[in-house]
Amino acid sequence: MPFSFLVPAFLAGLAALAVPLLLHLRQRDKEKPLRFPSLMFLRRIAIETSHRRRVTDLPLLLLRALAVALAVLAFARPVFQRAGKALGAAPERVVILALDRSMSMGHTAVWPVAMDSARAILRALKAGDRIAVIAFDDDASVIQPLTTDHAAALAALGTVRPGARGTRFAAALRAARQQMAAANLPSAEVLVVSDLQRVGTGGLTDLALPKGLAVRGIVVAAPSAANTSVTALSVQRLGGGAAGRIAVSADVRSNALISARRATVTLTVNNREAGTRTVELPVSGLRTVAFDPVALPPGEAQVSVALDPDALTADDSFHAVVPAEASQRILLVGAGDLAPESTLFLERALAIGSDPAFVVERGTAGTLDAPRLAAAGLVIFLDVLPPTSDAFRNWIRAGHGAVVVAGPRLRTVRAQPGQLPGRVTGEIDRLAERGGTIGDVALEHPIFAPFRGGSSAALGSARFIRYAQLAPDSGSVVLARFDDGLPALLERVEGSGRLLLSAIPLDARGGDFPLQAAYLPFVRRLALHTAGYEPQPLWRTTGEGWRPVGPVADLVIATPSGALLRPDSGATRGAADLEALGFYRAYRERAVGDPIATVAVNFPIRESDLTASPASELLLGIREEASDPSAAEIPPIAEVETRQRLWRILLLIVGAVLVIESLLGSRGWRGTATRLAVESPPGGPAT
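Just so you know, these numbers come straight off a predicted model, no measurement behind them.

What about the overall build of the protein chain?
Logical step 1: Helices and strands together make up the secondary structure of the protein chain, namely 12 helices and 34 strands.
Logical step 2: Relative to its 687 residues, the protein chain shows a buried fraction of 41%.
Logical step 3: Long-range contacts, defined here as pairs at least 24 residues apart, represent 73% of the contacts in the protein chain between residues at least 6 apart.
Logical step 4: Approximately 35,500 Å² of the protein chain is accessible, and the part contributed by carbon and sulfur atoms is 56%.

As structure tokens, then:
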């Protein structure tokens, strides 16, 4: 594995290798002359001296030189380089192949060309070139990370099929940018094999790419953008119950046809043909095809409208699920002496409308036990207080709702439960002013949705002679006020449910509101919002998630192709990704019998527009990242530490060498003085 040095200037310290050598050659035992008066009394000792012109202790010298050399290398910070990344080595070619798998790629003249182009890119690679494969639509998946194994990339490419989702080039380029950053590449080439639909360029202006990332589009669009598609369904209920019918109409869109053409449009309900129409489609434009009303089968109905197939068959049919007629049970709770005519307007208003239809029952507060509450979606208390029982409180927190309409009875009640969003403190009489009006409303609230866009004046036409005076509590929201500034409607959220306190009289005794045009939409929206009713959409779009109501543990979902899915209750919280066109059905435990829920899935409407953009426009609006290009060469901190840890090892070896040198220099003959043999002076030892 090649390596280099982070601080090569420290290598100049290798010159210090001469220091131990000089020390070994240096004569350290300098004799100093000492004057002595007479030598006659001293014994003569012969001292052997020599000049250090040769190294007499080579092992010790080598150890010291080794310590110096290792210390110099450690301070120079050696760092290992990756294979093929040595300094000065020629960079290999890095290709990131992004293959479009959106619905439009299913065109009969596009997909074969796209696959052939992608394989040609792989065949053009040289040995050692790296390639990654990304499949994208409105999302991107790396199906083959960067590799030099071109056979593996080719195998991964063979698993890609055109799907039913939309196109978003920004997703593919983001995935390519992540591949480049993860591999610490200073440069790479992104080849986008796509029909380059113009509708897929959304989001590119928010994208920034590194300077070294080159993007090139490989256009495989069909010779013509001609296409016809079914883009929407409209279903209207006619009547209800067993005699109910539905009237279905479909929007058929044509684009860039060579000439106008006739097409056959077929309606099927629960897989049975229910109607056929022949229409003249313009070169470009929209036709709405209406079918004769058909009988609505019991339960939910699966409705499909199909067009004569063309080169892009995925958008030639459209699906919807018409749910069984929904109903909401409403309890009108009043005092025991509540006269039937006092709720006449309210009951009539609730009875109008369908999907859902309201089923109204009357009762008293004492009859609100848990079973009766469980069957109701909403309770309206008419000038009486709601119960303080745990059953009612838990019922509210479970997602239900109640409205308390304050009247003359409640203004005299001192002990009012704290669960209400406010208190009734009195009564306002504005008879002398010929009544007050509603002055301010929160139009953004769902209750007042029918009065947006200039329709709020309808609420101001009602006049109120007497109404309750409310004092909002903390945590409540004032949804409407009278023209004198007093609260008219308060709301408080309790768990998943909600409680509302209204000073707006819903009968004719306090004003003329029931006689105004705003009364019906106000009462219906008040009931729907308080009950927490959410209408089921007729269809969903590919790429969305779907989680049927209920526990996830035993849930089984059958896809349009018949494959079975068991949603994960962990990360996805039981939601299934809707990837295919058609009907998804949910079952309990096993996929047999009647499904507990069904959803229709259709393609993104814009995907039917096959208009292509030139490859040169693919990068229009994309910004270059402002970061330093050299930053791309900086590897992750953990990798840097791993590749530079050799200096620590060298310092440890230096320490070990010094210990050995110390032991070696202080033991044996090196640690003791050597007495030389004494030569006797001529004539015998001195006396």
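Some remarks on the pattern of salt bridges
Logical step 1: One pass over the structure, following the stated rule, counts 21 salt bridges.
Logical step 2: The salt bridge partner of arginine 588 is aspartate 554, with a shortest N-O separation of 3.1 Å. Of this pair, arginine 588 sits in strand E32 (residues 582-588) while aspartate 554 sits in the loop between strand E28 (545-546) and strand E29 (555-558), and the two are 34 residues apart along the sequence.
Logical step 3: Under the relative-accessibility criterion, aspartate 554 is labelled partly exposed at 25%.
Logical step 4: Taken together, the shared-partner salt bridges connect Arg101, Asp137, Asp138, Arg165 and Glu579 into one network.

Quick look at the packing of helix H2 (residues 58-75) against helix H12 (residues 646-666)
Logical step 1: Relative to each other, H2 and H12 sit at 160°, their axes nearing to 9 Å. One way to sum up the angle between H2 and H12 is to call them roughly antiparallel. For the pair H2 and H12, the crossing hand works out as left-handed. Facing Pro59, Leu60, Leu63, Arg64, Leu66, Ala67, Leu70, Ala71, Leu73 and Ala74 of H2, the residues of H12 in contact are Trp647, Leu650, Leu651, Ile653, Val654, Val657, Leu658, Ile660, Glu661, Leu664 and Gly665.
Logical step 2: Partitioned by chemical class, the residues of the contact of H2 with H12 number 18 nonpolar, one polar and two charged.

Observations concerning the layout of surface pockets
Logical step 1: If you add up the space inside the second largest pocket, you get close to 830 Å³.
Logical step 2: Within the residue set of the lining of the second largest pocket, elements represented by two or more residues are strand E9 (227-238), strand E16 (317-322) and strand E33 (597-602).
Logical step 3: Of the residues forming the lining of the second largest pocket, the biggest block, four residues, is contributed by E33.
Logical step 4: A breakdown of the residues in the lining of the second largest pocket according to their chemical character gives 19 nonpolar, four polar and six charged.

Here we look at the side chain of aspartate 100
Logical step 1: Note that aspartate 100 resides in strand E3 (residues 94-100).
Logical step 2: At 7.2 Å, arginine 101 is the nearest oppositely charged side chain to aspartate 100, a buried residue that forms no salt bridge.
Logical step 3: Leave out the neighbours within four places in its chain, and aspartate 100 touches Met105, Trp111, Phe136, Thr167, Val193, Ser194 and Asp195.

Rules used in this analysis
Residues numbered from 1 in each chain as written. Predicted model: local features only at pLDDT ≥ 70, side-chain atom pairs only at ≥ 80, totals over all residues. Heavy atoms only, no water. Helix = DSSP H or I, 4+ residues; strand = E, 2+ residues; numbered from the N terminus. Buried < 20%, exposed > 50% of the residue type's maximum accessible area, 1.4 Å probe, protein only. Contact = heavy atoms within 4.5 Å. Areas by Shrake-Rupley, 256 points an atom, 1.4 Å probe, with all protein chains shown as cover. Salt bridge = Lys/Arg side-chain N within 4 Å of Asp/Glu carboxyl O. Axes fitted to C-alpha atoms, helices over the stretch in contact; angles between N-to-C directions. Parallel < 35°, antiparallel > 145°, perpendicular 65-115°, else oblique. Left-handed = near helix turned anticlockwise from the far one by under 90°. Nonpolar A, V, L, I, M, F, W, Y, C, P; charged D, E, K, R; others polar. 1 Å grid on protein atoms, 1.4 Å probe; cavity = no way out; pocket = protein on both sides within 12 Å on 5 of 7 lines; lining within 4 Å. Points joined across faces, edges and corners; volume = space filled by probe spheres on them. Lys, Arg positive; Asp, Glu negative; His and termini not counted.

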